[in-house]
Amino acid sequence: MTESADSTQDHSISLLLVEEDDLSAKRLFEVLSRPEGTRFSITRVTDVEEALGKLQHESYDVLLLDLSIDEAGGLGSLMRARVAARHIPIVVLTYERDEAVALKAARAGAQDYLTKGEVTPALISRTLLHAVERHRMLRDLTEAQQRQHFLATHDSLTELPNRYSFLAQLGTAIADAKRNGSQLAVLFFDLDGFKAVNDNLGHPVGDELLVDVARRLRKMIRKSDMVARIGGDEFLAAIRNVPNVKAAERVANHIREQIEKPYHLAGAECWVSASVGIAMFPENGADVDEVIRHADTALYHAKESGKNRVSVFSHEMNEAATERFELVNGLREAIHGGQLLLMFQPQVNVVTEEIIGVETLVRWKHPTRGIVSPAEFIGVAEEAGMMVPLGEWVLRTACIAAASWERIPDARVAVNISGRQLDHEEFPNRVRAILEETGLEPHRLELELTESLAASDSALQGLQRLREMGIRTAIDDFGTGYSSLTLLKRLPVDTLKIDQSFVRGAAVTDPDAVILEAIIRIAHGLGLEVLAEGVETIEEMDSLHQRGCAMMQGYLFSKPIPRGELEDTVAGTEAAWRLPIERPETWSPPDAMPPPSSPPAASPDSASAEATEDDEDDA
């Protein structure tokens, strides 16, 4: 039997009443239908089975249950109702007040209880409302706890498990693999090109890209496998029951191919690829930490090998990783322990025979390995997040040296900067502070960066701030990066440094000579200075001079030298590079260049290999 009474006006509490006795039901209807106070929308049923059916198909705010309908004291009915009505509170009715019954009812799931003899409109209304409110508070608290647990174990952006959760799951998976005698593969992913998306399209688009990558990863692994975002653009996956390493490579390559498909974000189409490192359990590690560490080592090898590829861990990689680890630790000590030194290579004007600038080149005096070139440690510093302190040391040391020059007091000092430095919003302020600290005039500092680095929006903003401070800026190795004329027009720079690859062929091959002359003309047309790097021969110097480039640096004038030798041996009036240069008997003017098959011999004092290292691996 079902009865309904609705005393609702604007809002009411939906009540499911389980009452077998008609007189009791009528009394409750009368009490709950009073015009004053809360309005109740009442649905009455006569037994628990009928109530259970209602609860399956309809929604209620509260359930009022008469315990006397069950011969066993009603608690059995209450427990069945609790199972079906976990989402709503239950208030019970009894004939007499009995604390023992009340306690049992609470343990069985009741929010509160009333005795029929005490029921008044105010009491029952208040009891039901309090039950609803307490239940809502408990529900909200439970949801908050569940949300808190989710946030503690999942990445808030992609909603993939985080590192903490992944490590716990991987520990369980490895324990299962040990019992079953099966293999497990850990895949370490890193996105190639993600920084460019952030720089050019903005961080919101980058976040959207990460969400899309996470969505693809979920689709590409089985439910029994695991995937997590562990930070930035790095992801981990664990593949259970892998028959062999080849199968793991197939899975990794399939995922890599899916990741590199185009993304349509914010009205733009963009691409990223993925480098993947694989480590197998138990072959490549006996526990969670070792397997992940070896997968990370394999990932590093994949990125070093050209990116967008899959690499499987080997013990040879581990030896290289150990050496890299020692290099990273040693470099941290070198930055703060006086093991770094700066070398200086003059930049000259061959027409006025003046030193117009000096480029700084960092070296590492390793306590056991001797002099370590930048080629061996600059990349490590970038990856280990040490370029900011390293770059700041170079900048401060260079400014201190330049401020002390007496024979070349107007010469500028050129310092290479990295992307990590320029990306740091406080970089311009740090440069200003170093200039004030060392007393060097801003116009005597020239900061060099590559074309690819200068192409980002954040770099353009940073360069503009530096220019407003009076600091000079230069594009290094021009002609080897984007070489975009539109970019060149937008860049707030003072100098183009022509890459030595064009200088090297300028005196012998028509294509290089034509490109070189075009670069010089464009730069001068835009009001920029041009400086040629890596000049080693008289022929190269004459070819550059004839085409309008008077500023040069290279081994023809001086190799990189310590600070103490700069003014004494290079800047003096009797410096060897200022003396008339005897041309070889076979020399011919630049307009009668020998054919490409007859390149000029390098001058006896040149050291091409070392010059290349110095020019390409600056810091």
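Residues numbered from 1 in each chain as written. Predicted model: local features only at pLDDT ≥ 70, side-chain atom pairs only at ≥ 80, totals over all residues. Heavy atoms only, no water.

Caption draft 1: Fine view of the overall build of the protein. When you go through the protein residue by residue, the secondary structure sums to 23 helices and 23 strands. The buried share of the protein, reckoned over its 619 residues, is 50%. Sequence separation of 24 or more characterises 70% of the internal contacts of the protein that already satisfy a separation of 6 or more. Surface exposure of the protein reaches about 29500 Å², of which carbon and sulfur atoms provide 51%. (Helix = DSSP H or I, 4+ residues; strand = E, 2+ residues; numbered from the N terminus. Buried < 20%, exposed > 50% of the residue type's maximum accessible area, 1.4 Å probe, protein only. Contact = heavy atoms within 4.5 Å. Areas by Shrake-Rupley, 256 points an atom, 1.4 Å probe, with all protein chains shown as cover.)

Caption draft 2: Up close: the pairing of strand β5 (residues 90-94). Burial of β5 is extensive: 5 of the 5 residues sit out of reach of the surface. Bridge count between strand β4 (residues 62-66) and β5: 4 bridges; the pairing is parallel. Counterpart to L64 in the pairing with β5 is V91. For β5 and strand β6 (residues 112-115), the ladder comprises 4 bridges, and the chain directions are parallel. Across the sheet, the residue bridging to V91 is D112, located in β6. (Pairing = 2+ DSSP bridges.)

Caption draft 3: Broad picture of the pairing of strand β14 (residues 340-349). Extensive coverage of β14 is indicated by the burial of 10 of its 10 residues. In this sheet, strand β15 (residues 354-366) lies alongside β14 in antiparallel orientation, the contact comprising 10 bridges. Bridged to N349 within β15 is E354. Remark: 4 residues form the turn of the hairpin made by β14 and β15, two consecutive strands paired antiparallel; E353 in that turn has positive phi of roughly 55°. Bridge analysis of β14 against strand β22 (residues 551-552) gives 2 bridges, and the strand direction is antiparallel.

Caption draft 4: Layout of the pattern of salt bridges. In this structure the tally under the stated criterion is 28 salt bridges. When the shortest N-O distance is used, the salt bridge between R179 and D176 registers 2.1 Å. Of the two residues, R179 and D176 are both situated in helix α6 (residues 163-180); the distance of 3 residues between them amounts to about one turn of the helix. The salt bridge partner of E392 is R430, with a shortest N-O separation of 2.7 Å. Linking E392 in helix α13 (residues 387-404) with R430 in helix α15 (residues 427-438), this pair joins segments that are 38 residues apart in sequence. The partly exposed category is assigned to R430, whose relative accessible area is 33%. Each of E359, E448, K497 and E533 takes part in salt bridges that share partners, so that together they form one network. (Salt bridge = Lys/Arg side-chain N within 4 Å of Asp/Glu carboxyl O.)

Caption draft 5: Looking closely at helix α7 (residues 194-201). All of the buried residues along α7 are F194, V197, N198 and D199. G202 lies just past α7 and shows a positive phi near 100°.

Caption draft 6: Main features of the sheet that holds strand β9 (residues 234-239). Here 5 strands make up an open sheet; going across it, the order is β8-β9-β7-β12-β13 and the pairing mixed. The sheet terminates laterally at β8 (226-231) and β13 (310-312), the two strands that pair on one side only. When the angles between neighbouring strand axes are averaged without regard to direction, this sheet yields 20°. The pairing of strand β12 (residues 273-281) with β13 spans 3 bridges and is parallel. Bridge pairing in β13 links G277 to S311. (Axes fitted to C-alpha atoms, helices over the stretch in contact; angles between N-to-C directions.)

Caption draft 7: Fine view of the packing of α13 against α15. At a minimum axis distance of 9 Å, the contact between α13 and α15 shows a crossing angle of 35°. In the crossing of α13 with α15, the sense of the turn from one axis to the other is right-handed. Contacts between α13 and α15 involve E392, L395, R396, C399, I400 and A403 from the first element and R430, V431, I434, L435, E437 and T438 from the second. Looking at the contact of α13 with α15 residue by residue, the class counts come to 7 nonpolar, 1 polar and 4 charged. (Left-handed = near helix turned anticlockwise from the far one by under 90°. Nonpolar A, V, L, I, M, F, W, Y, C, P; charged D, E, K, R; others polar.)

Caption draft 8: Fine view of the nonpolar core. Ranked by internal contacts, the top residues of the largest apolar core, which has 76 residues, are L390, W405, L445, L447 and V535. Tallying contributions element by element places α13 first for this core, with 8 residues. The contact partners of L390, leaving out residues within four places of it in the chain, are I335, L340, F377, I378 and A381. Grouped together as the second largest cluster of nonpolar side chains are 34 residues, A185, L191, I278 and V310 included. (Core = buried A, V, L, I, M, F, W, Y, C linked by side-chain atoms within 4.5 Å.)

Caption draft 9: Quick peek at the environment of V358. Considering the arrangement of structural elements, one finds V358 in strand β15. For V358, a relative accessible area of 0% translates into the label buried. Each C-alpha atom of the pair V358 and A414 lies 6.0 Å from the other, and the pair is 56 residues apart in sequence. Those residues within four positions of V358 in sequence are excluded, and the remaining contacts are F344, Q345, P346, Q347, W405, I408, R412, V413, A414 and L566.

Caption draft 10: Quick peek at the packing of aromatic side chains. Applying the stated criterion to the full structure yields 2 aromatic pairs. Aromatic pair F344 and W405: ring centres 6.4 Å apart, planes at 80°, arrangement edge-to-face. Here F344 is found in strand β14, whereas its partner W405 is found in the loop between α13 and β17 (412-416), with 61 residues between them in sequence. Taking 5.8 Å as the distance between ring centres and 90° as the angle between the ring planes, the aromatic pair formed by W364 and F377 counts as edge-to-face. (Phe/Tyr/Trp six-rings, centres within 6.5 Å; stacked < 30°, edge-to-face > 60°.)

Caption draft 11: Examining empty space enclosed by the protein more closely. Taken as a whole and judged by the stated rule, the model has 1 cavity of 30 Å³ or more. Quantified by volume, the largest cavity comes out at close to 30 Å³. Around the largest cavity, the lining residues are V18, V48, A51, L52, L55, L63, L65 and A81. Secondary structure elements with two or more residues in the lining of the largest cavity: α2 (48-57) and β4. Of the residues forming the lining of the largest cavity, the biggest block, 4 residues, is contributed by α2. Each residue belonging to the lining of the largest cavity can be placed in one class, and the counts come to 8 nonpolar, no polar and no charged. (1 Å grid on protein atoms, 1.4 Å probe; cavity = no way out; pocket = protein on both sides within 12 Å on 5 of 7 lines; lining within 4 Å. Points joined across faces, edges and corners; volume = space filled by probe spheres on them.)

Caption draft 12: Spatial organisation of the environment of T46. Mapped onto the elements, T46 comes out in the loop between β3 (40-45) and α2. Once the C-alpha coordinates of T46 and V18 are considered, the two residues, 28 residues apart in sequence, prove to be 5.5 Å apart.

Caption draft 13: Here's a closer look at the confidence of the model for the protein. Predicted confidence across the protein gives a mean pLDDT of 81, with 84% of residues reaching 70 or more. This stretch, residues 6-10, has a pLDDT under 50; its non-local contacts, to residues over four places away or in other chains, come to 9 contacts. Every residue in residues 586-619 scores below 50 in pLDDT, and together they form 61 contacts with partners more than four places removed in sequence or on other chains. (pLDDT = per-residue confidence, 0-100.)

Caption draft 14: Layout of the side chain of N416. When you line up the elements, N416 lands in strand β17. Engagement of the side chain of N416 in a polar contact is seen with the side chain of E359, the distance being 3.1 Å. (Polar contact = N/O pair within 3.5 Å; in protein donor to acceptor, adjacent residues only side chain to side chain.)

Caption draft 15: Looking closely at α2. Within α2, burial applies to V48, A51, L52, K54 and L55. Buried residues of α2, viewed axially, fall in a sector of 160°; they line one side. Residues of α2 that are exposed and point more than 90 degrees away from the buried face comprise E49, Q56 and H57. If you check the start of α2, you find a side-chain oxygen 3.2 Å away from the backbone N of E49, and it comes from D47. (Arc of directions from axis to C-beta.)

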